[in-house]
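# Overview (structure and organization)
Residue-level listing of the chains:
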Number of protein chains: 2
Amino acid sequence: MTGETPQLSVVQRLRKSPFYDATVRWGVRTFTVYNHMLMPTCFESTEADYWKLVTGTTLWDVAAERQVEIIGKDAFRLVRLLTPCNLSEIAVGQCKYAPVVDHNGGMINDPLITRLDDDRFWISLADSDVLLWAKGVALGMRLDVEIFEPDVSPLALQGPQSRAVASSLFGDWIGTLGFFRVRETELDGIPLVVARSGWSKQGGFEFYLLDGRRGEELWERVMHAGKPFGIAPAAPSTIERVESGLLSYGSDMTLDNNPLEIGLQKLCDLDQEFDFIGKSALREIRRAGVRQKLVGLTMGEQRLPGNQHWWPVLDTGDAVLGKVTSAVYSPRLQRYIGFAIIETGHAVPGKTVRVVSPHGEFPGLVGPASFETPPAHARRGSEKIS
Amino acid sequence: MTGETPQLSVVQRLRKSPFYDATVRWGVRTFTVYNHMLMPTCFESTEADYWKLVTGTTLWDVAAERQVEIIGKDAFRLVRLLTPCNLSEIAVGQCKYAPVVDHNGGMINDPLITRLDDDRFWISLADSDVLLWAKGVALGMRLDVEIFEPDVSPLALQGPQSRAVASSLFGDWIGTLGFFRVRETELDGIPLVVARSGWSKQGGFEFYLLDGRRGEELWERVMHAGKPFGIAPAAPSTIERVESGLLSYGSDMTLDNNPLEIGLQKLCDLDQEFDFIGKSALREIRRAGVRQKLVGLTMGEQRLPGNQHWWPVLDTGDAVLGKVTSAVYSPRLQRYIGFAIIETGHAVPGKTVRVVSPHGEFPGLVGPASFETPPAHARRGSEKIS
């Protein structure tokens, strides 16, 4: 089914976001399933949505980035147990991108963790049931916490024009909100937490809706305010996030990967005093050295669709070095680019490897796992991706 | 988007089953996502696939029913902790349908648990990451176990002709395999565990493939053997499972439901000595009495598609009593039937409630949560569901 788009059976089991009806009305074409919830992936086309994101401002239903809320006397202790990130100094109102690992150091999720109050946290999830992991750990350790999925649904405003839209909605103070900082507020009485965050490097905000009954109202309110700025409905862009070096849990990492090999070592403080889950495993991995590394690959100029599977990466002989985890055509770079996880000895910038795809074999030039893109106005492609 | 089938974006994050390429070749039309994996839901049409199941034999890719394998000294103890089902007597080679609940008694999953050896178990999952729950509990309690997702992918052969197909593949012994019993075997050297089980009441087997590289080979081998018996590719049938009273996790129950209110009380031994997770919560719920109950509803003769959302259930005033969780048109009963979870006082056979659907309002007659169907040959509908 390479290149084709299969159909999705919709039953109640696949949860609907508070913005679902709005996205249908605004012309959503494709969905994915994320945390047991439908999440839009495309409105006009993958490439058209991308250009709107990098040149303007776009609104995304990312309610499927569900929250795990942890409150209670041991909440801070539990949250620190869950991540190798050093959270000792995390302030109320601050978020951190913090890997969650198991006792082997395997990646369970790569969420944002937000401190809402001294003893109250949200874990804003990629696609895995961290709710069950956190509940299991807390039960086994008899921690004094409550853990649940609150009625909280993020709506993302992303793109260089997002600040103008957000200021017209909330006032000038939002322009001064620090990166990865949150503030509780409301819009026409709709209760929200506003964060300066989002799964792109184009700038923007996430509005965490605190009342699922008011999703359509919030969506329409933001769309209306964005009209003078050319706002468009869109969705997390695989093209932009690969260009920008943002990883996707399940594609670029799984439970079989540790954070040190996928470029998240800078987020891990293995020398902190606190005894987080996976500490001794990760220290041992650091001591022995990682066996594989996530790198960027530049794979030629072909305009191909994204990968639907992991693709083997070989050396000049036929030895398997690893796999391509994400691959997209970058319209700004006019190159086919992606991420691969390959043996450490080959994970060296400037090295060339062989990529075996269903579209044929092509060379891959190893480089850093984020790509230098020219300004968005420099060139805009017109061909359609095959 | 009521009645329409949206499209699904396929990326690596949505895992592919070992039978994926085979199902594409055999004409799969729609998928769902289940345990982060694509799972076929329809080949010819919902109703055509149903008739093939209830009159003949069908092959289903249910690899997305992933296994959690638990081995080690404390494996039996952990498995018993996870369920209110009394597993004290579970034999090697036996499976049990066993609810998994959290410490509040909330449903985490409704898997099959199989004992493969004294200290080795599989939990065959509905759609939630029980892997993370079990790992969290074991870590917190410092249990001596290993917990992982093995390379094991179920392929289901279901329908009244399944025994004939299975006998031609494996020999006569398979006809004597007891219900919910498993046996390790092979087929042309393909390693398998064979179970007499499956998510229908039409009879059949599940072949747990033990080597993901051999999925296509197994699929084609079974299809070939089934040819004289009119085998067809199909998928778990929402129509048949509702007729037969089989629940679907995420639709008919969530973490907000306890097993006592959804008809699984017969599986829960709250008086056993063993101190499983959720025991005191479930005993308290039993003492106080459940506030709501899952019932069957017969909702008239209209040929409507299945529900995509929960639908409100009202009394003759406008008080909300609960919700319809699953609804289908049953071609054998020529009735629109389903399940609802409603207030205990109204969960009385013979009572009539009001169902508010996007297709209009209709009365619902309360009855047991499984339906008496006439033999499949009695009548076969020809109209298409709108």
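What counts, and at which threshold
- Starting from 1, residues in each chain are numbered consecutively following that chain's sequence as written.
- Labels are handed out in written order, letters beginning with A for the chains and numbers beginning with 1 for the ligands.
- Selection of residues for local features in this predicted model requires a pLDDT of at least 70, selection of side-chain atom pairs for listing and counting requires 80 or more, and totals for whole chains, interfaces and linings are taken over all residues.
- Values shown for side chains rest on all heavy atoms present in the structure; no hydrogens or waters enter the calculation.
- The predictor's confidence in any single residue is recorded as pLDDT, a number from 0 to 100.
- Only heavy atoms matter for contacts: two residues are in contact if any of them lie within 4.5 Å across the pair.
- Segments assigned H or I by DSSP are reported as helices when at least four residues long, segments assigned E as strands when at least two residues long, and all are numbered from the N terminus.
- The set of buried Ala, Val, Leu, Ile, Met, Phe, Trp, Tyr and Cys residues whose side-chain atoms join them within 4.5 Å is what this entry labels a nonpolar core.
- For every residue, the accessible area obtained with a 1.4 Å probe (protein chains only) is divided by the maximum for its type, and the residue is called buried under 20%, exposed over 50%, and partly exposed between those limits.
- Should DSSP find at least two bridges between two strands, the strands are taken to pair.
- Angles run from 0 to 180 degrees between N-to-C directions of axes, and those axes are lines fitted to C-alpha atoms, restricted for helices to the stretch in contact.
- For this overlay, a least-squares fit was computed on C-alpha atoms, restricted to residues scoring pLDDT of at least 70 in both copies.
- We place a 1 Å grid over just the protein atoms. Points where a 1.4 Å probe fits but has no way out form a cavity, open points with protein on both sides within 12 Å along at least 5 of 7 lines form a pocket, and any residue with an atom within 4 Å of a point lines it.
- Grid points are joined across faces, edges and corners, and a volume is the space filled by probe spheres set on the points.
- Residues are sorted three ways: Asp, Glu, Lys and Arg are charged, Ala, Val, Leu, Ile, Met, Phe, Trp, Tyr, Cys and Pro are nonpolar, and all the rest, Gly among them, are polar.
- In this entry, domain limits derive from an automatic or database-based domain assignment.
- Expected span of a helix, by definition, is 1.5 Å for each gap between consecutive residues, and there is one gap fewer than residues.
- Here a crossing is called left-handed whenever its near helix is offset anticlockwise from the far helix by less than a right angle, and right-handed whenever the offset is clockwise.
- Note on definitions: buried area is the accessible-area loss of two parts on being combined, 1.4 Å probe, summed for both.
- Any Lys or Arg side-chain nitrogen found within 4 Å of a carboxyl oxygen on Asp or Glu counts as a salt bridge.
- The term polar contact refers here to a pair of N or O atoms within 3.5 Å; inside protein, the definition further demands a hydrogen-donor-capable atom paired with an acceptor-capable atom, and it admits residues adjacent in sequence only when both atoms are side-chain atoms.
- Only the six-membered ring of Trp is used, alongside the rings of Phe and Tyr, when aromatic pairs are assigned; centres must lie within 6.5 Å, and planes under 30 degrees apart are stacked while those over 60 apart are edge-to-face, with the rest tilted.
- Here, a charge over a ring means that NZ of Lys or CZ of Arg falls within 6 Å of the ring centre while also lying within 35 degrees of the ring normal.

### Thoughts on the confidence of the model for chain A
Residues and elements named next belong to chain A. The predicted model of chain A averages 95 in pLDDT, with 96% of residues at 70 or higher. Taken together, the stretch residues 378–386 has pLDDT below 50 and engages in 16 contacts with residues farther than four places along the chain or on a different chain. Confidence estimates for the predicted assembly give a pTM of 0.95 and an ipTM of 0.95.

### Here's the deal with unusual backbone geometry
Non-glycine residue Asn35 of chain A carries a positive phi angle of around 50°. As for its position among the elements, Asn35 of chain A is in the loop between strand S2 (30–34) and strand S3 (37–42). Of note, the phi angle at Asp188 of chain B is positive, near 50°, even though the residue is not glycine. Tracing the sequence through the fold places Asp188 of chain B in the loop between strand S13 (182–187) and strand S14 (190–195).

### Observations concerning the nonpolar core
Residues Ile70 of chain A together with Ile70 of chain B are the most contacted members of the largest nonpolar core, which totals 196 residues. For Ile70 of chain A, the residues in contact, after removing those within four places along its chain, are Ala75, Leu78, Val79, Leu82, Asp119, Arg120, Phe121, Ile123, Val145, Glu146 and Ile147 of chain A.

### Focus on the sheet that holds S14 of chain B
All names here are of chain B. Spatial strand order, S13-S14-S15-S12-S4-S16: 6 strands in an open sheet with mixed pairing. One side of each edge strand has no neighbouring strand; the edge strands of this open sheet are S13 and strand S16 (232–234). Each neighbouring strand pair of the sheet contributes to a mean axis angle of 30°, computed without reference to strand direction. When strand S4 (residues 58–61) meets strand S12 (residues 153–158), the two strands line up antiparallel, connected through 4 bridges. The residue of S12 that forms the bridge with Asp61 is Leu155. Along the sheet face, helix H2 (residues 46–55) touches S4, S12 and S16 and points at about 120° away from the line of S4. Running over the sheet, helix H5 (residues 162–170) touches S12, S13, S14 and strand S15 (204–209) and is turned about 45° from S15.

### Points about the relation of the copies chain A and chain B
Mapping chain A onto chain B calls for a rotation angle of 180° and an axial translation of 0.0 Å; the resulting RMSD is 0.0 Å. In short, the pair behaves as if placed about a two-fold rotation axis. Comparing interface residues between copies, 100% of those in chain A also lie at the interface in chain B; the contact surface is shared.

### Here's the deal with the sheet that holds strand S19 (residues 320–330) of chain B
Strands belonging to one sheet form pairs held by backbone hydrogen bonds; the direction of such a pair is parallel or antiparallel. All names here are of chain B. Pairing is antiparallel around the closed barrel formed by 6 strands, whose spatial order is S17-S20-S19-S18-S21-S22. Across the sheet, the axes of successive neighbouring strands diverge by a mean angle of 40°, strand direction being ignored. Of the strand pairs in this sheet, S19 and strand S20 (residues 335–343) are connected by 8 bridges, and their pairing is antiparallel. Residue pairing for S20: Lys323 is matched across the bridge by Ile341.

### Digging into empty space enclosed by the protein
Considering all chains together, one arrives at 1 cavity of 30 Å³ or more under this definition. Roughly 60 Å³ of volume is contained in the largest cavity. Forming the boundary of the largest cavity are Val33, Tyr34, Asn35, His36 and Asp127 of chain A together with Val33, Tyr34, Asn35, His36 and Asp127 of chain B. Elements represented by at least two residues in the lining of the largest cavity include exactly S2 of chain A together with strand S2 (30–34) of chain B. Residues that form the lining of the largest cavity fall into these classes: 4 nonpolar, 4 polar and 2 charged.

### Thoughts on the domain arrangement of chain A
For chain A, the assigned domains read domain 1 (20–66 + 152–241) and domain 2 (291–386). Centre-to-centre, using C-alpha coordinates, domain 1 of chain A lies 29 Å away from domain 2 of chain A.

### Observations concerning helix H4 (residues 130–141) of chain B
Along an α-helix, residues three or four positions apart point the same way, because every turn accommodates 3.6 residues. Residues and elements named next belong to chain B. With 12 residues, H4 ought to run about 16 Å at 1.5 Å a step, and its terminal C-alpha atoms sit 16 Å apart, in line with that. H4 sits mainly inside the fold: 10 of its 12 residues count as buried. Listed as buried for H4 are Val130, Leu131, Leu132, Trp133, Ala134, Lys135, Gly136, Val137, Ala138 and Gly140. Just downstream of H4 lies Arg142, where phi reads positive at about 55°.

### Let's talk about the packing of helix H3 (residues 75–82) of chain B against H4 of chain B
Residue and element names in this part refer to chain B. Where H3 meets H4, the axes come as close as 11 Å, and the angle between the chain directions of the two elements is 120°. As H3 runs across H4, the sense of the crossing is right-handed. Packed against H3, whose contacting residues are Leu78, Leu81 and Leu82, the element H4 presents Trp133, Ala134, Val137, Ala138 and Met141 at the interface. Its residues assigned to classes, the contact of H3 with H4 shows 8 nonpolar, no polar and no charged.

### Some details on the pairing of S20 of chain B
Two faces belong to every sheet, and in a regular strand the side chains alternate between them. All names here are of chain B. Judged by how many residues are buried, S20 sits mostly within the fold: 7 of 9 residues are covered. Inspection of the sheet shows strand S17 (residues 292–298) paired to S20 by 7 bridges, in the antiparallel sense. Bridge pairing in S20 places Gly296 opposite Phe339. Hairpin connection, S19 to S20: the antiparallel pair is bridged by 4 residues, and Gln334 has positive phi, about 50°.

### Topic: the environment of Lys323 of chain A
All names here are of chain A. Within the secondary structure, Lys323 sits in strand S19 (residues 320–330). Sequence separation of Lys323 and Leu282 is 41 residues, and the distance between their C-alpha atoms is 23 Å. Aside from chain neighbours lying at most four places away, what touches Lys323 is Trp310, Trp311, Pro312, Val313, Phe339, Ala340, Ile341 and Ile342.

### A look at the interface of chain A and chain B
With 51 residues of chain A in contact, the opposing surface of chain B contributes 51 residues. Across the chain A/chain B interface, buried area totals approximately 4,600 Å², and carbon plus sulfur atoms make up 59% of it. The tally of links from chain A across to chain B stands at 4 salt bridges. Close ionic contact of Asp127 of chain A with Arg13 of chain B constitutes a salt bridge, the shortest N to O distance being 2.9 Å. Seen at the junction of chain A and chain B, the total is 27 residue pairs in polar contact (both at pLDDT 80 or more). Counting only elements with at least two residues in the side of chain A that touches chain B, the list comes to strand S1 (7–8), helix H1 (20–25), S2 and helix H4 (130–141) of chain A. Within the side of chain A that touches chain B, the residues separate by chemical class into 24 nonpolar, 20 polar and 7 charged. Across 2 bridges, the pairing between S1 of chain A and S2 of chain B is parallel. Within S2 of chain B, the position partnered with Leu8 of chain A by the bridge is Phe31 of chain B.

### Focus: the pairing of strand S12 (residues 153–158) of chain A
Residue and element names in this part refer to chain A. Burial runs high along S12: 6 of the 6 residues are buried. Burial along S12 is two-sided: Ser153, Leu155 and Leu157 facing one way and Pro154, Ala156 and Gln158 facing the other are all buried. As paired strands, S12 and strand S15 (residues 204–209) are joined by 6 bridges and run antiparallel to one another. Residue Gln158 lies in a different strand from S15, and its bridge partner there is Gly204.

### Describing helix H2 (residues 46–55) of chain A
Residue and element names in this part refer to chain A. With 7 of its 10 residues buried, H2 lies for the most part within the structure. All of the buried residues along H2 are Glu47, Ala48, Asp49, Tyr50, Trp51, Leu53 and Val54. Buried-residue contacts for H2 involve S3, strand S4 (58–61), S12, strand S16 (232–234) and helix H7 (238–243).

### Points about the packing of aromatic side chains
Inspection of the entire model under this criterion finds 20 aromatic pairs over all chains. Each ring, one from Trp122 of chain A and one from Tyr208 of chain A, has its centre 5.4 Å from the other, and the planes form 35°; the classification is tilted. Of the two residues, Trp122 of chain A sits in strand S10 (residues 120–124) while Tyr208 of chain A sits in strand S15, which places them 86 residues apart along the sequence. Residue Trp122 of chain A is classed as buried on the basis of its relative accessible area, which comes to 2%. Ring plane angle 15° and centroid distance 4.4 Å describe the contact between Phe179 of chain B and Phe180 of chain B, whose orientation is recorded as stacked. On the accessibility criterion, Phe179 of chain B (56% relative accessible area) is exposed. Every member of this aromatic cluster is reached through a ring pair, and the members are Phe170, Trp173 and Phe207 of chain A. The side chain of Arg80 of chain A reaches across the aromatic face of Phe274 of chain A, ending 4.5 Å from its centre. Above the face of the Trp173 of chain A ring, Arg183 of chain A is positioned so that its terminal group lies 3.8 Å from the ring centre.

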